[in-house]
Amino acid sequence: MRGLGGFGGWRPALREARTGWPVLVVPAALSVVLTVASLLWPPVFDALATKELQRRLAVAQVDGPLVMARASLNAPRNFSGQSTAPRFGSLDSDLTRVGEGLRQGASGELAHTLVRVSGWAQSDGMQLSGAGVARPHGNPGSVSLAYAQDAADRVRWTAGRAPGRPDGAKEAPIELGLSRRGLDQFGLTVGQRVWLEGQKGATEAVVVGEFEPLDGADELWRELPLLNAPLDAAEPSGYIRYGQALVAPAGLEALEARGSLSVSATWAFRSEQQPWGTGGTAAGVRELASGAEGFSRSAVDRVCGGIVSDALPCPAGVRTVSPPQVQERLSVLVDRFAEQRARTVSLQSFALAGLLAIGVSTAVAAARLGARRREAALTLQRARGAGEIALAALRAMEAVPAVLVGVPAGWLASRWSAGERPLGAWWPVLVAAVLVAGAPAVAVWWQGRAVRRAGREPVRRRGVKRALGRSARPVVEGAVLVLAAAGVLQLRLRGAVSAAADPDPQLALVPVVLGLAAVVVVLRVYPVPLRLLTGWARRGRGTVALVGLSQAGRRSAAATALLVLVPALACAVFGALVSGTVRQGRVEAAEWRTGGDAVVLGPSQRPLPLEELAKVPGVGGVLPVRGGVATLTADEDGAVVKGVGLVGVDQSVLAALEPGSPVASALSGAGLSAPLAAGAELPALADARTAARFPEGSFDADAGATRFRVRIVGVLPAGADRDRAIGPVVGDVATGPLLVFGGPAADRLPRQTGQRNAAVLFAEPGRAGSVAGARRIDGTRLRAVVAASAATGGAGGARAAGGAVLRGAPVEVRDLAGQLRESADDGLVSALELAFRVAAAVGLLLGLAAVVLELLLGSAERGRVLAYLRTLGLGARAAAGVQLVQLLPVMAAAVIGGDSARAGPAVVAGTCVGAAGVHLRAGGAGARSGLGKHRCGGGGAAGAGAVRGGAGGGDGAAAGAPAASPR
């Protein structure tokens, strides 16, 4: 009865558990740590991701609301279609009714995100006339009347008062409020009476107040820019100055009584994530993205019902409203955030899997210690007939209660810390618990196996029988090496990051197997240098080195320490590698977005004050760069290429400011400085892929309101599309092909609505931008120059003429130091770094615990050896030296193995290590920083910033060498 013989039931197990309880503390503590790590990290990461999503929403909304709706509000009428205007006091409530109706059309996560809606209404433009009223460019000015629901909290009245209700519905003057620039450019004063003439007749108005914005960057002035400053625009009759005046809702209601049929209404929705929100979770992100995509239909259905038609206005209080047209950028931002979040989760699986592997390895070390301490008792039990299964079952009966105590304790700690957020998946906890609980039983069985093999007579075998009869160690080691190689190959073929937002088990386990493979290699190589050192010590005269190295070579406990130390050090080094790569990616993304030491970005329709910027203290040179986007139609086969980025730059100025610029060299070599005839094709250099597809191709370019001809005359060399000087505009134009124009062709690129030009500032010509250079530029003076420019204020005169009266991107000033501060706030990147820091710290603590266990494991043997040596005259200091020399080889092997093992995950992820870095090109409002996309090996995506743009404010977010690569 060898199989189960000697099993005495629960009492022997409890008795042995009482005597060996110090060893059982280890699996209990490990169960707590691994349970907390597995269950608590997902809610912690969800909280950090939600906070990052809120940051990105706030940054993106600097460029305007992410969700807007526009419609026409029709004047109140009775059942016969006759006007019942004026209905004083009804416009504001109608705006609120429609806006809230649209907002209530959202559901799920989107309903929690759209926290506020604000509306405004404006009339059509009316000619401004009257005594003393200016006629700029010989034409009367055009003024529209605007009422904004929250304007009272965004302006300060510097003269007069806010507009109110007219004394009479159809005769009394409508009260107006204008900004200082509006008064000056229309030649008006507070108290002056004017006439407003539109298609439905004329009405008298009076200027009752002068206001100024409390915050010039407020969204109200971006959406209604003519309220703050008028703008001149070219018309067939000449230049006309357009402006807006602020009125009370009664002013527009009085217009309805005087014949106005409708006013244009706009509703802007404020998007926010609360700290306790769930928008940053995997399910929340998906729900928010789908809700934003379907908001247009659901919101209109909420207001207008199931039948929506432009011919059938929807009821809106006392008025009717045309079916609202919803415009939203929220889904694009959330989709990009979801992709970057998925990549972050995948990379974090490195840290969590490494931590679990280190914890299980520590449990194995503790189990070996327990088996070694009970070696004499186990030998006696075997001699009395106890079977190996029975002895292993006793060890399991000891360990399982300890694990059953540790897992609930870890769950309670996680539940208390996570609050209302859901905990992580249970399967990693269960797998780790089973391995930790089974480690003592396996250690006893392995020890019994070694005892049995030592007592057998050698059997002569040949061929397959001889190979199968060998030790199981080569088989196990070979299996680990084969699995590691197969895992790396498979990941390189399929890509390191899957499309799922959940952790990728394969991506998480392959680095662990690589770490075990490093342990296998170290254990195989470890005896070779140790024998050499022992031989050198044997030739010496001292005994400390010889005895210590001999002990280190004979004892098998080194395997226990290395099993924990190598993965622990590998995790720590790899975490430091990821953190360093993330930081480097942040720096390069900031440099890419800045171009030089600082940059000023402004709407394409309005000129930047280049001469004034050059006079700012600290500025050594200014490089103008023009950006745009177009759709190309090839002459050769009629192929249509959409989303082509257009960049125009003067190569001579660029070469003078940055001599090493690859773009300047490529443009100069292509001879693009020759003058061009009117209507000639614009020569350009194309990226390698586009140039290979259309060698020397000619195209019709559609840039919205402008069409022109383009011809490819050369190819951008490798690295030219990563030139920092064009980064500020390249990141804001398109994600498709790239065309770079130089010389006269750059000046002829169209001024496109919604696109921006850049003025890249260099503190020192011939030197790339730096933080020190950015600090030398007088930021206060720089912003003052920009604030007073035509690009910001839309000042009248010929300088501002020719621009379309449309909403454009705001003027933005960037400096390198500020960009670095912004990128440091990326929550996804911080979460990734936190995961590796925690994993490295806990792993190193467990590695130290393994060293302590190794010391305990060999304490009896070392005590016997030292006692024998002390009787031979060995001193106390020499005895301490023996102990130290005995541990040094193990520690050295662990350091070398850990440093080499960290390269494994880097090979797996390849450039994907940088996925926590910066997405250098995604275009749009989100193009700031965050987790980018890059092809890994043969497929997949996980790199940081392997493309040219970024994501809205960190759309941002999220290193590796490719993270630094703008392509």
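These numbers were taken from a predicted model, which means no experiment stands behind them. (Residues numbered from 1 in each chain as written. Predicted model: local features only at pLDDT ≥ 70, side-chain atom pairs only at ≥ 80, totals over all residues. Heavy atoms only, no water.)

1. Here's the deal with the overall build of the protein chain
Within the protein chain, the secondary structure is distributed over 35 helices and 25 strands. Just so you have it, the protein chain exposes about 41000 Å², and 59% of that area is on carbon and sulfur atoms. (Helix = DSSP H or I, 4+ residues; strand = E, 2+ residues; numbered from the N terminus. Areas by Shrake-Rupley, 256 points an atom, 1.4 Å probe, with all protein chains shown as cover.)

2. With respect to the packing of aromatic side chains
One pass over the structure, following the stated rule, counts 4 aromatic pairs. Arranged with centres 5.7 Å apart and planes meeting at 85 degrees, the rings of Phe269 and Phe295 form a pair that is edge-to-face. Taken together, the residues span a long stretch of sequence, with Phe269 in strand E11 (residues 262–271) and Phe295 in helix H10 (residues 295–304) at a distance of 26 residues. Each member of the pair, Phe269 as well as Phe295, carries the same accessibility label: buried. (Phe/Tyr/Trp six-rings, centres within 6.5 Å; stacked < 30°, edge-to-face > 60°. Buried < 20%, exposed > 50% of the residue type's maximum accessible area, 1.4 Å probe, protein only.)

3. Quick look at helix H8 (residues 249–257)
Taking burial as the measure, the 9 residues of H8 include 8 buried ones, the bulk of the element. When H8 is considered as a whole, its buried residues turn out to be Ala250, Gly251, Leu252, Glu253, Ala254, Leu255, Glu256 and Ala257. The positive-phi residue at the C-terminal boundary of H8 is Gly259, with phi of around 115 degrees.

4. Notes on the packing of helix H9 (residues 282–293) against helix H11 (residues 330–373)
Where H9 contacts H11, the axes come no closer than 8 Å and their chain directions differ by 155 degrees. Considering their axes alone, H9 and H11 lie roughly antiparallel with respect to each other. In the crossing of H9 with H11, the sense of the turn from one axis to the other is left-handed. Contact residues: Ala282, Val285, Leu288, Ala289, Ala292 and Glu293 in H9; Leu330, Ser331, Val334, Asp335, Phe337, Ala338 and Arg341 in H11. (Axes fitted to C-alpha atoms, helices over the stretch in contact; angles between N-to-C directions. Parallel < 35°, antiparallel > 145°, perpendicular 65-115°, else oblique. Left-handed = near helix turned anticlockwise from the far one by under 90°. Contact = heavy atoms within 4.5 Å.)

5. Quick word on the nonpolar core
In summary, soluble globular proteins display a tendency toward joint burial of nonpolar side chains. Leu145, Leu176 and Trp267 are the most contacted members of the largest nonpolar core, which has 112 residues in total. No other element matches H11, which puts 17 residues into this core. Aside from chain neighbours lying at most four places away, what touches Leu145 is Ala121, Gln122, Ser123, Met126, Ile174, Leu176, Leu196, Ala245, Val247, Leu252 and Leu255. Of all hydrophobic cores here, the second largest spans 26 residues; its members include Trp592, Ala666, Leu672 and Ala720. (Core = buried A, V, L, I, M, F, W, Y, C linked by side-chain atoms within 4.5 Å.)

6. Considering the state of the cysteines
Evaluation of the coordinates by the stated rule reveals 1 disulfide. Paired by a disulfide, Cys304 and Cys314 hold their sulfur atoms 1.8 Å apart. In this structure the cystine formed by Cys304 and Cys314 twists about its S-S bond by roughly 95 degrees; its chirality is therefore right-handed. Within this pair, whereas Cys304 is found in helix H10, its partner Cys314 is found in strand E12 (residues 314–316), the two being separated by 10 residues in sequence. Each member of the pair, Cys304 as well as Cys314, carries the same accessibility label: buried. (Disulfide = S-S within 2.5 Å.)

7. Focus: the pairing of strand E2 (residues 114–122)
By the criterion of burial, E2 is predominantly enclosed, with 7 of the 9 residues buried. As judged from the 8 bridges shared by E2 and E11, these two strands associate in the antiparallel manner. From the neighbouring strand, Ala121 faces E11, where its bridge partner is Ala265. Here E2 runs beside strand E4 (residues 142–148); their pairing, made up of 3 bridges, is antiparallel. Each residue of the ladder has a partner; that of Gln122, found in E4, is Ala146. (Pairing = 2+ DSSP bridges.)

8. A closer look at the pattern of salt bridges
A complete count under the given rule lists 28 salt bridges for this structure. Across the salt bridge formed by Arg319 and Asp94, the nearest N and O atoms sit 2.8 Å from each other. Of the two residues, Arg319 is situated in strand E13 (residues 319–321) and Asp94 in helix H3 (residues 91–104); the sequence distance between them amounts to 225 residues. Residue class for Asp94 comes out buried when judged on its relative accessible area of 1%. Of the charged contacts in the structure, one is a salt bridge between Arg814 and Glu812, with a shortest N-O distance of 3.1 Å. (Salt bridge = Lys/Arg side-chain N within 4 Å of Asp/Glu carboxyl O.)

9. Considering a nonpolar patch on the surface
Where nonpolar side chains cluster on the molecular surface, the patch consists of Trp411, Leu412, Trp426 and Leu430 and spans about 400 Å² of accessible area. Here Trp411 shows up in helix H13 (residues 388–418). (Patch = residues over 30% accessible without salt bridge, like charges linked within 9 Å, V, L, I, M, F, W, Y side chains within 5 Å.)

10. Observations concerning unusual backbone geometry
Positive phi is not limited to glycine here, since His137 has a value of about 60 degrees. Note on placement: His137 falls in the loop between strand E3 (126–129) and E4.

11. A look at the environment of Val522
Its location among the elements puts Val522 in helix H17 (residues 505–525). Taking the C-alpha atoms as reference points, Val522 and Leu562, 40 residues apart in sequence, are found 8.2 Å from one another.

12. Brief notes about the pairing of strand E10 (residues 238–246)
Of the pairings in the sheet, the one linking E4 to E10 comprises 5 bridges and is parallel in character. From the neighbouring strand, Ser144 faces E10, where its bridge partner is Gln244. By the bridge criterion, 5 bridges tie strand E9 (residues 231–235) to E10 in an arrangement that is antiparallel. Residue pairing across strands places Ala233 opposite Ile240, the latter belonging to E10.

13. Section: H10
Every buried residue of H10 is accounted for by Phe295, Ala299, Val300, Val303 and Cys304. Around the axis of H10, the buried residues are gathered within 135 degrees of arc, so they sit on the same side. Among the residues trailing H10, Gly305 stands out with phi positive, at a value near 85 degrees. (Arc of directions from axis to C-beta.)

14. Regarding the environment of Ala517
Within the fold, Ala517 resides in helix H17. For Ala517, a relative accessible area of 8% gives the class buried. Spatially, the C-alpha atom of Ala517 lies 6.8 Å from that of Ala484, the residues being 33 residues apart in sequence. Filtering out sequence-adjacent residues up to four positions away, Ala517 remains in contact with Val480, Leu481 and Ala484.

15. Quick notes on the side chain of Gln192
With respect to the element layout, Gln192 can be found in the loop between helix H5 (180–186) and strand E7 (193–198). Here Ala131 takes part through its backbone oxygen, which lies 2.8 Å from a polar atom of the side chain of Gln192. Residues within four places of Gln192 in sequence aside, it is in contact with Ala131, Gly132, Val133, Gly187, Ala205, Val206 and Val207. (Polar contact = N/O pair within 3.5 Å; in protein donor to acceptor, adjacent residues only side chain to side chain.)

16. Some remarks on the packing of helix H12 (residues 375–383) against H13
The N-to-C vectors of H12 and H13 enclose an angle of 140 degrees; their axes lie 10 Å apart at closest approach. Relative to H13, H12 is oriented oblique. Crossing of H12 against H13: the hand is right-handed. Contact residues: Leu378, Gln381 and Arg382 in H12; Glu388, Leu391 and Arg395 in H13. Across the contact of H12 with H13, the residue classes break down as 2 nonpolar, 1 polar and 3 charged. (Nonpolar A, V, L, I, M, F, W, Y, C, P; charged D, E, K, R; others polar.)

17. As for the confidence of the model for the protein chain
Summarising the model, the protein chain shows a mean pLDDT of 75, and 75% of its residues fall at 70 or more. Low confidence marks residues 1–7, where pLDDT is under 50. Its contacts with residues over four positions away, or in another chain, come to 22 contacts. (pLDDT = per-residue confidence, 0-100.)

18. Observations concerning the side chain of Thr50
Take Thr50: it is sitting in helix H2 (residues 21–60). Those residues within four positions of Thr50 in sequence are excluded, and the remaining contacts are Gln273, Gln274, Gly277, Thr278, Gly279, Gly280, Thr281 and Arg421.

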